[in-house]
Structures are given as structure tokens and as C-alpha cells.
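Spelled out, the chains give:
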Amino acid sequence: MLDLKFIRDNPGLVKHAIQVKRVQLDLDELLRVDRELLELRQRVEALQAERNANAKAVPKAAKEDKPLLIEKGKALGEELRELDPALRAHEDALRQLLLRVPNLPLPGVPEGKDDSDNVELRREGTPPSFSFTPLDHVALLEQHGWADPERVARVSGSRSYLLKGEAALLEQAILTFALTFLSERGFTPLSTTALVRPETLVATGHFPGGEDQVYKIEGEELMLAGTAEVPVNSLYAGEILPLEELPLSIAAISGAFRSEAGSAGRDVRGLMRVHEFRKVEQYVICKADQQEALKWFETLLANAEGILRALELPYRVVQNCTGDMGAGKALMYDIETWVPSEQLYRETHSCSYLGDWQARRTGLRYRDEDGKPQFAHTLNNTGIAVPRVLVPFLENHQQEGGRIRIPEALRPFLGGKAFIG
Ligand SMILES: Nc1ncnc2c1ncn2[C@@H]1O[C@H](COS(=O)(=O)NC(=O)[C@@H](N)CO)[C@@H](O)[C@H]1O
């Protein structure tokens, strides 16, 4: 959400953001509803003033004038009541329209239509060359009996997965490694639910627009979040945090649930794109200072890169273009990790800075140096998400014969093993 005054004063800037972010919104309609609402409010205030003046006049009026004044008061009250529905309708319409206004991309964000227009910034690590014919992750899981796709499909349908034996231990080890890595860097570890109220999905910006991606609980006002960003972003909703409590840096581990509506046919085999996964999420709430926030952006990115480097996985960093960054982002980088079987870098992390766009929707404020309530700035990045990262992990670390080498940094989380399988 942007500040309504900012929108009124900068319609051109906002229209440009709507256009380059490919958001369906007619800003002129929003401005029209805004003007009509202002006129309605002025009319209500005038009527209220008139009714108050009239009410004051009654006791002082001459006896024979009183009935007329009382009638007048009733008529004014009636006229006010008749305006109420229009007032409510305009307020609701304006709020719905405001929720669709995208954030402005920072200067320098490349304009583009989709991920094919993202800009590669740098590559780290060297994709392995194998002296044998490497297997893909599905074949590696199969070889070691680490998965059971047929049985789990019978139980849970498509885009489900289970991991057995050392692969289950590996998944757990990677999650614990990432949570430990972040807590050692000052992030508060937090284990949280994915069950959330619908307004928390409006608060992050997933709604309106992303409703078809989210599983709803039948008969309850509860949904399953696709990322811990959702519950964490609303933890402090409605509060005014003391300045000294900021910045908040949280490493939240949770389940994540996604319908993947619209992804039919993509990544249908294996672990890349499933309905339920687990993620360690980095989340920061800081004061409304872009310079400080951008330092946090670099920190969140560096943390994710540090985790991938510790896992000895080659990756690249790309900057998302305006058409691939979503409505709320001011700045966004993806980290894509090398998948040998596809000979491609595939997205494993998304790092975003949202300014106060999310905080406005969430009612997330702090008291600044002058004691004035201000909307905070928020940022988030993936720490690690399993099982997706197991795809590059298993494929890059496979040895001839199918054993998987465990990087040094991960061994303490896996009973000291240097290999599994
Ligand atoms: N359906 C899925 N199956 C497995 N992993 C997924 C799925 N969807 C997303 N992920 C993983 O979760 C990461 C973050 O998802 S994201 O939508 O890009 N970004 C977020 O959720 C942000 N909160 C940052 O984590 C992805 O980079 C990917 O590694």
C-alpha cells in the first residue's frame, strides 16, 4: 500500500509503476473514488455542523419557533443517515483499490515482462564436471530407496513427497544447519505455524491476487501460508514498537503450503515443486531508513550465499525485472542454484525489500526519535527451503556409484558423516 497523499501528489509515478509491474489497476478510478469520498465527507461535515448549530438554537428559540427547528433537526439527521451507505461503499471501494497499488521499483531496477528479462549479476562456484554419467535427483533417490513416489502419490496425490532413511536425516540436517547459521549471525530463531487468518495474507501483499495459490481450511477463517513471511509479518501487526526494539531480525522455520495453481506441467517429477515444503525464512523489520534497509538487503543476500557456499553449491545471483518482482517489492534478487541434470540454474532463494508498502497494509509501526509513529520497512529472503535444495545438493555432490558427499560444514549436523548412500 502507498500513502494516499503520495498517490494524489504523484499520479504519474504511480501509473508508471502500475505499467512496468503489469498490475491490473486503473489509477484514475481510484482517484475518482477518492475525490467522491472527499466530497461526501465534506457534505457530512457540513450537515453535522448545521445540525449541531440547529440543536443549540432550539433551547434559546421562541416557543412558537421550536417545532420548526426540531423538524429541521430531524430532517438533517435523516439526510445524514441516507448518506451513510454511500460513505461506507466509497470507503470500502477505496481500500480495495489502494490494496492493489504496487510499490515503486527503486531507480535502476531493470524493466521487463517476466523472468526472461531478469539480469544476471554474478556467478559463484563452478558447476561440477563428472568423470561418469551423472544421475538426476529422482534416480539418485530411487537408487538408495530414499523415496517412495508411488505410495505417497496414492496417499497424497500429485506434487507430494516423502524422504526415507539418510535422505530424511539430510533434509533435517540442512534445515537445522540453516537455522543455526542464522542464529549465529544474530537472527532470532523462531518456529512458527503456517495456519494464518486471511488478513495476514492481505498484510504481506499475497492478497488480493494470490488467492488461488493458498489452501483454505474448510469452515474456518484459517488458511495455510506459503511462507513464514506471512505469520511473521503480522506478529506485531497493529503495534507501535519502541525504536530501541528495532531492527528485528528473525529466522523463522515453518511448513509452507502452495496449491501451485497455474504451474501444471512444470517440475512435475521429484522435489522441485511440491504442495508442502519446509523453509527457514529470514525476515527483518527496520526503521523507515532506506540506507539502513538496503544494508539489511545485502545482509540477507549474504546470509543465503553463505549457506549455499557452506553447502558447496554453485549458484548465480540475478536481479528481478519489474515484471517478475511482484506488486510489493521495491528491490528483488533471486539466487539460482546449479542443477546438473537440467544444465540450468534454478531459483532456490528470493530476496526482497518492500519499503513501507507491507508495513502500511499490516499496520506495523514504531515510535521514531521524535516519538512520532512511523511505518517500518520490511525485508525478507529465503534462508533455505527443502526439499527443493536437495535437487542441486544430491546432483552436485553425487559420486560415481551414487554415494553423496557431505560438505564439511554440514557433517556435524549429520552425525559426522562424510558420505551418505
Ligand atoms: N512449490 C514449491 N515447492 C518447493 N519449494 C518451493 C516451492 N515454492 C517455493 N519454494 C521454495 O521457496 C523459496 C521462496 O519462495 S518464494 O515464493 O520465492 N519467496 C518467498 O516465499 C519469500 N518469503 C522468501 O523466502 C523458493 O525460492 C523455493 O526455493
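Residues numbered from 1 in each chain as written. Predicted model: local features only at pLDDT ≥ 70, side-chain atom pairs only at ≥ 80, totals over all residues. Heavy atoms only, no water.

With an unreviewed UniProt entry as reference, the chain is termed Serine--tRNA ligase, source organism Deinococcus irradiatisoli. Heading Pathway (unreviewed entry) of the UniProt record for the chain holds this comment: "Aminoacyl-tRNA biosynthesis; selenocysteinyl-tRNA(Sec) biosynthesis; L-seryl-tRNA(Sec) from L-serine and tRNA(Sec): step 1/1." In its Subcellular location (unreviewed entry) section, UniProt records this for the chain: "Cytoplasm". (UniProt positions renumbered as here; feature names shortened; annotations may be inferred.)

Here's the deal with the environment of W357
Residue position: W357 is located in helix α11 (residues 357-362). Residue class for W357 comes out buried when judged on its relative accessible area of 2%. When the C-alpha positions of W357 and L2 are compared, they lie 5.9 Å apart, and in sequence the two are 355 residues distant. Ignoring anything within four residues of it in the chain, the contact list for W357 reads M1, L2, V101, P102, N103, T204, G205, A327 and G328. One polar contact links the side chain of W357 to the main-chain carbonyl oxygen of V101, over a distance of 2.9 Å. (Helix = DSSP H or I, 4+ residues; strand = E, 2+ residues; numbered from the N terminus. Buried < 20%, exposed > 50% of the residue type's maximum accessible area, 1.4 Å probe, protein only. Contact = heavy atoms within 4.5 Å. Polar contact = N/O pair within 3.5 Å; in protein donor to acceptor, adjacent residues only side chain to side chain.)

Some thoughts on the confidence of the model for the chain
With 100% of its residues at a pLDDT of 70 or more, the chain has an overall mean of 97. Taken over the whole predicted complex, pTM reads 0.96, whereas the ipTM for its chain interfaces reads 0.99. (pLDDT = per-residue confidence, 0-100.)

So, the pattern of salt bridges
Within this structure, the stated rule accounts for 30 salt bridges. Note that E79 is salt-bridged to R43, the shortest N-O span being 2.5 Å. In this pair, E79 sits in helix α4 (residues 66-98) while R43 sits in helix α3 (residues 27-60), placing the two residues 36 residues apart along the sequence. On the basis of relative accessible area, R43 is assigned to the partly exposed category, the value being 40%. The partner of R309 in a salt bridge is E305, and the shortest N-O contact between them spans 3.9 Å. Here the residue R309 and the residue E305 both occupy positions in helix α10 (residues 290-310), the gap between them amounting to four residues, near one helical turn. Exposure remark for E305: the relative accessible area of 6% places this residue in the buried category. Ionic contacts of the salt-bridge type, sharing partners, join the residues E260, D267, R273, E342 and R346 into one network. (Salt bridge = Lys/Arg side-chain N within 4 Å of Asp/Glu carboxyl O.)

Some details on the sheet that holds strand β3 (residues 195-196)
Hydrogen bonds between backbone atoms are what pair the strands of a sheet, whose relative direction is either parallel or antiparallel. Spatial ordering of the open sheet is given by β3-β5-β4, a layout of three strands whose pairing is antiparallel. Two strands in the sheet have a free side with no partner beyond their single neighbour: β3 and β4 (215-216). Here β3 pairs with strand β5 (residues 223-224) via two bridges, running antiparallel. Residue pairing for β5: V196 is matched across the bridge by M223. (Pairing = 2+ DSSP bridges.)

Things to note about the packing of aromatic side chains
Scanning the entire structure with this criterion turns up six aromatic pairs. Centre to centre, the rings of F187 and W296 are 6.1 Å apart; their planes meet at 80°, and the pair counts as edge-to-face. Placement of F187 in the loop between α7 (165-183) and β2 (188-191) and of W296 in helix α10 is noted, with a sequence separation of 109 residues between them. With respect to class, F187 is no different from W296; both count as buried. Put simply, the rings of F177, F181 and F413 touch in pairs and so form one group of aromatic residues. The ring centre of F181 lies 3.4 Å from the NZ or CZ of R185, which sits over that ring. (Phe/Tyr/Trp six-rings, centres within 6.5 Å; stacked < 30°, edge-to-face > 60°. Lys NZ or Arg CZ within 6 Å of the ring centre and 35° of its normal.)

Quick look at the side chain of T348
Position of T348 relative to the elements: it lies in strand β11 (residues 344-353). Within the structure, the side chain of T348 is placed 2.8 Å from the side chain of H349, a separation counted as a polar contact. With sequence-adjacent residues up to four places away left out, T348 is seen in contact with L308, I335, E336, T337 and T382.

Overview of the nonpolar core
Counting 64 residues, the largest nonpolar core has L170 and I174 as its most contacted members. The dominant element in this core, judged by the number of residues it contributes, is α7, at ten residues. With residues up to four places along the chain from it excluded, the contact list for L170 reads L390, F393, L394, I406, L410, L414 and I420. Membership of the second largest hydrophobic core comes to 35 residues, among which are V33, L98, V196 and V202. (Core = buried A, V, L, I, M, F, W, Y, C linked by side-chain atoms within 4.5 Å.)

What about the sheet that holds strand β13 (residues 373-375)?
Ordered in space as β6-β12-β13, the three strands form an open sheet in which the pairing is mixed. Each of the sheet's edge strands pairs with one partner strand only, and the pair in question is β6 (240-242) and β13. With strand direction ignored, the average angle separating the axes of adjacent strands in the sheet is 40°. In this sheet, strand β12 (residues 365-367) lies alongside β6 in parallel orientation, the contact comprising three bridges. The partner of P242 across the bridge, within β12, is R367. (Axes fitted to C-alpha atoms, helices over the stretch in contact; angles between N-to-C directions.)

Some remarks on the site of the ligand
In the vicinity of the ligand there are 19 residues, among which E229, E260, E281, E347 and T382 approach most closely. At a separation of 3.3 Å, an oxygen atom of the ligand approaches a polar backbone atom of H349. T382 places a side-chain nitrogen or oxygen 2.8 Å from an oxygen atom of the ligand. Across the complex, the protein chains shield 91% of the 580 Å² of accessible surface that the ligand would expose by itself. Elements represented by at least two residues in the shell around the ligand include exactly β8 (276-286), β11 and β14 (377-386). (Near = heavy atom within 4 Å. Areas by Shrake-Rupley, 256 points an atom, 1.4 Å probe, with all protein chains shown as cover.)

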